[in-house]
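Here is how the chains run, residue by residue.
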Amino acid sequence: MEELISLIQNDPELWEIVDRLKHQDEDLDDFILSIAQMLSMEFEELHRTDLSDKQSALFGGLPPTAFRMAPLMLHIALDIFLMRSIPDHNSIRD
């Protein structure tokens, strides 16, 4: 997440895009995490839907510069999905 935050903070155009999209009182970390949480749910539905369609819906209306955030955002989302997928004691059947 630090890499994505640094990318956004060091690029005025990306910062302007993110600043327009996030709530005024929302921290950058919270904004990124909320988007990543949403994307992580999409990984769960991936077997029924096409990830490309989801990315087009999320990033399609934004300037091309915004696509530089896509790989890092998807990486965060995948990490969240993988963490949710790790079995715990309650999910293991005897």
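Preceding block: the structure.
**Quick word on the layout of surface pockets**
A volume near 180 Å³ is recorded for the largest pocket. Taken together, Ile8, Val18, Leu21, Phe31, Ile32, Ile35, Met38, Leu58, Phe59, Leu62, Met69 and Met73 make up the full set of residues lining the largest pocket. Of all the secondary structure elements, the ones that give two or more residues to the lining of the largest pocket are α2 (12–21), α3 (28–45) and α4 (51–59). Each residue belonging to the lining of the largest pocket can be placed in one class, and the counts come to 12 nonpolar, no polar and no charged.

**A few points about the nonpolar core**
By size, the foremost hydrophobic cluster in this structure holds 24 residues, and its most contacted members are Leu4, Ile8, Ile32 and Met69. Secondary-structure elements contributing two or more residues to this core are α1 (2–9), α2, α3, α4 and α5 (70–85). Sorting elements by how many residues they give to this core places α5 first, with seven residues. Not counting chain neighbours up to four residues away, the residues in contact with isoleucine 32 comprise Met1, Leu4, Ile5, Ile8, Met73 and Ile76.

About the cut-offs
Residues numbered from 1 in each chain as written. Predicted model: local features only at pLDDT ≥ 70, side-chain atom pairs only at ≥ 80, totals over all residues. Heavy atoms only, no water. 1 Å grid on protein atoms, 1.4 Å probe; cavity = no way out; pocket = protein on both sides within 12 Å on 5 of 7 lines; lining within 4 Å. Points joined across faces, edges and corners; volume = space filled by probe spheres on them. Helix = DSSP H or I, 4+ residues; strand = E, 2+ residues; numbered from the N terminus. Nonpolar A, V, L, I, M, F, W, Y, C, P; charged D, E, K, R; others polar. Core = buried A, V, L, I, M, F, W, Y, C linked by side-chain atoms within 4.5 Å. Buried < 20%, exposed > 50% of the residue type's maximum accessible area, 1.4 Å probe, protein only. Contact = heavy atoms within 4.5 Å.

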